[in-house]
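Notes for the structure review
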Amino acid sequence: MHVLSIDRSIIDAIVAHARRDHPDEACGVVAGPVGSDTPTRHIPMDNAARSMTFYEFDSMEHLRVWREMDDRDEEPVVIYHSHTATEAYPSRTDVSFAGEPGAHYLLVSTREPDSEEIRSFRIVDGVITEEPVRVVEAGVDPHAVQSYMFGQSPATVDYECSGR
Amino acid sequence: MAIEVRIPTILRSYTGGAKVVDGTGDTLADLLTDLDSRHGGLRGRLITDAGTLHRFVNVYVNDEDVRFLGALDAKLSDGDSVTILPAVAGGAFGFAAAAAISSHSAAVAAR
């Protein structure tokens, strides 16, 4: 089973981006070394649609960032966006557009003012598969780390990310 | 000399896994027809039934978005580099409404 393991500092930066752009949807990428399945470099992207219900990478920024990843032997490990009035679950639009079968699609819901719902999915050939998110605390022995999961199936349960 | 075409992961099943393939053509439409003769099915993933460039992909000639170069009519020359990327988009909005907005903005971009 797939799991998204992601550093706490990156999750914090994604949530801060989503809060900053609220009520518009925020979007971005976390790049990581090819084949590592480890997100290491957070790249907030402009939402060219500047919309509360739609997001779209600017096509030129998209090309520049993808080329830069290529040059650095990186790939898009995480592609994230926020839903600002609904749950953190892929919409039909999200599924229609999902074109990176290797990526973790991370959704953040900012509909609640003081908590965020964070969930991760694989979207391959139109099929959504939810996966647990394991937040890794940096600076601690990874074998002794206390990690916690949220956004785990079944999809009907809301898991909140707290403690920030 | 030929035109170098960079293929995204999701379409490499049509190119036997190749990340870069070569093709020829005076326009993007010609190039895609040429590619389809060797990589059957690829064209259908990029062009809609209505004969326009698919909403779900971005295509660049050198460093320009082809939507600003005449889309499928974009002129090509030997030595050009074409890059195909799956568009990254989505959101909470319903698909029909999103598609309507997208085709509107594509039309605006094409002006």
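Just so it is clear, the model here is predicted, and its values are computed rather than measured.

Conventions adopted
- Residues numbered from 1 in each chain as written.
- Chains lettered and ligands numbered in written order.
- Predicted model: local features only at pLDDT ≥ 70, side-chain atom pairs only at ≥ 80, totals over all residues.
- Heavy atoms only, no water.
- Helix = DSSP H or I, 4+ residues; strand = E, 2+ residues; numbered from the N terminus.
- Buried < 20%, exposed > 50% of the residue type's maximum accessible area, 1.4 Å probe, protein only.
- Contact = heavy atoms within 4.5 Å.
- Areas by Shrake-Rupley, 256 points an atom, 1.4 Å probe, with all protein chains shown as cover.
- Pairing = 2+ DSSP bridges.
- Salt bridge = Lys/Arg side-chain N within 4 Å of Asp/Glu carboxyl O.
- Buried area = accessible area lost by both parts, 1.4 Å probe.
- Polar contact = N/O pair within 3.5 Å; in protein donor to acceptor, adjacent residues only side chain to side chain.
- Phe/Tyr/Trp six-rings, centres within 6.5 Å; stacked < 30°, edge-to-face > 60°.

Things to note about the overall build of chain A
Along its length, chain A carries 3 helices and 11 strands. Listing each helix as α and each strand as β along chain A from the N terminus yields β-α-β-β-β-α-β-α-β-β-β-β-β-β. Evaluated residue by residue, chain A yields a buried proportion of 49% over its 164 residues. A separation threshold of at least 6 residues defines the contact pool for chain A, and within that pool the share at least 24 residues apart is 60%. For chain A, the accessible area works out to roughly 7500 Å², and carbon and sulfur atoms hold 50% of it.

Here we look at the pairing of strand 5 (residues 74-83) of chain A
Residues and elements named next belong to chain A. In terms of residue burial, strand 5 counts as a mostly covered element, since 9 of its 10 residues are buried. Bridge analysis of strand 2 (residues 27-33) against strand 5 gives 7 bridges, and the strand direction is antiparallel. Each bridged residue has a counterpart across the sheet, and for Ala31 the counterpart in strand 5 is Pro76. Of the pairings in the sheet, the one linking strand 5 to strand 6 (residues 104-109) comprises 6 bridges and is parallel in character. Across the sheet, His83 pairs through a bridge with Ser109, a residue of strand 6.

Here's the deal with the pattern of salt bridges
Pairing of side chains with opposite charge becomes possible as their charged atoms draw close. All names here are of chain A. Applying the stated rule across the entire model yields 19 salt bridges over all chains. Measuring nitrogen to oxygen at the nearest pair gives 3.9 Å for the salt bridge that ties Arg64 to Glu61. Placement of both Arg64 and Glu61 in helix 2 (residues 59-71) is noted, with a separation of 3 residues, approximately one turn of the helix. The exposure class of Glu61 is buried, given its relative accessible area of 14%.

Observations regarding the interface of chain A and chain B
With 26 residues of chain A at the contact, the number on the chain B side is 25 residues. Between chain A and chain B, roughly 2400 Å² of surface is buried when both sides are summed, and carbon and sulfur atoms account for 59% of that area. Our enumeration of links across chain A and chain B arrives at 4 salt bridges. We note a salt bridge from Asp70 of chain A to Lys19 of chain B, for which the minimum N-O separation is 3.3 Å. Along the contact surface separating chain A from chain B lie 14 residue pairs in polar contact (both at pLDDT 80 or more).

Structural notes on the packing of aromatic side chains
Applying the stated rule across the entire model yields 5 aromatic pairs over all chains. Residues Phe97 of chain A and Phe56 of chain B carry aromatic rings whose centres are separated by 4.7 Å and whose planes lie at 85 degrees to one another, so their mutual orientation is edge-to-face. Linking Phe97 of chain A in helix 3 (residues 92-97) with Phe56 of chain B in the loop between helix 2 (42-46) and strand 3 (57-61), this pair reaches from one chain into another. You can call Phe56 of chain B partly exposed: its relative accessible area is 23%. Members of the aromatic cluster, joined through ring pairs, are Phe54 and Phe97 of chain A together with Phe56 of chain B.

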